[in-house]
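Coordinates in review
Letter by letter, the chains look like this.
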Amino acid sequence: MDVPRNFRLLEELDQEEKGIGDGLCSYGLKEPDDIMMERWTGTIFGPSRTAHENRIYTLEMYCGPNYPTEPPQVWFVSRINIGGVDQKTGAVSSDVDALKNWKPSSTLHTLLKSIRSEMGKGANARLAQPAEGTTFEELPSLLL
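Residues numbered from 1 in each chain as written. Predicted model: local features only at pLDDT ≥ 70, side-chain atom pairs only at ≥ 80, totals over all residues. Heavy atoms only, no water.

**A closer look at the overall build of the chain**
- Assigned secondary structure in the chain consists of four helices and four strands.
- Counting from the amino terminus, the chain carries its helices and strands in the arrangement α-β-β-β-β-α-α-α.
- Taking 144 residues into account, the globule formula puts the C-alpha radius of gyration at 15 Å, and the chain, at 15 Å, falls close to it.
- Reported as C-alpha extents along the three principal axes, the dimensions of the chain are approximately 45 × 30 × 25 Å.
- Across the 144 residues that make up the chain, the buried fraction comes to 43%.
- Excluding contacts between residues fewer than 6 apart, the proportion of contacts in the chain whose partners are at least 24 apart in sequence is 58%.
- Carbon and sulfur atoms make up 52% of the accessible area of the chain, which totals about 7,900 Å². (Helix = DSSP H or I, 4+ residues; strand = E, 2+ residues; numbered from the N terminus. Rg over C-alpha atoms; globule rule 2.2 N^0.38 Å. Buried < 20%, exposed > 50% of the residue type's maximum accessible area, 1.4 Å probe, protein only. Contact = heavy atoms within 4.5 Å. Areas by Shrake-Rupley, 256 points an atom, 1.4 Å probe, with all protein chains shown as cover.)

In structure tokens:
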């Protein structure tokens, strides 16, 4: 049975506000009065024993009208150097496993956990990273 988009997003928001999960990824509405629940902010704590250790990354997510059938659009706000992230805009490519393998049962939490997992794999774990605290300059206008 398909749950209406807004009910689904309310359920996801409720789960996150209750603190369900491991605390390594979190998210919430960018603006509390966003009644369409389109614009979200996420946080990922860098995986230990990687170039991301002790770093906190901020992301923005846009859940369009076809969410959860279609995945959200995702951008890193914090500068990061990993495969699948546009180095000008911070946009996460739809080829990244988290988006490529999206299913209607996927959630914003599982999306962030999957991105965090990718950060800790192979070359992504060892790539030199931009200075901590720097951000992408060319964020899409829908995020501003």
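**Here's the deal with helix H1 (residues 5–17)**
- Its 13 residues give H1 an end-to-end C-alpha distance of 18 Å, which sits within 8% of 18 Å, the value for a rise of 1.5 Å per residue.
- Inspection of H1 places Arg5, Arg8, Leu9, Glu12, Leu13 and Glu16 among the buried residues, and these make up the whole buried set. Looking down the long axis of H1, one finds its buried residues gathered within 135° of arc, a one-sided arrangement. Exposed residues pointing more than 90 degrees away from the buried face of H1 are listed as Phe7 and Glu17.
- Turning to H1, the residues buried within the fold contact strand S1 (25–29), strand S2 (39–45) and helix H3 (108–119).
- Glycine 19 sits one or two residues past H1 and shows a positive phi near 75°. (Expected span 1.5 Å × (residues − 1). Arc of directions from axis to C-beta.)

**Re the sheet that holds S2**
- A sheet is described by the order of its strands in space; here four strands give the open sequence S1-S2-S3-S4, paired in antiparallel fashion. At either end of the open sheet lies a strand with only one pairing partner, and these are S1 and strand S4 (73–76). Here the average twist between neighbouring strands, direction ignored, is 25°.
- Two elements, S1 and S2, share five bridges in a ladder whose sense is antiparallel. (Pairing = 2+ DSSP bridges. Axes fitted to C-alpha atoms, helices over the stretch in contact; angles between N-to-C directions.)

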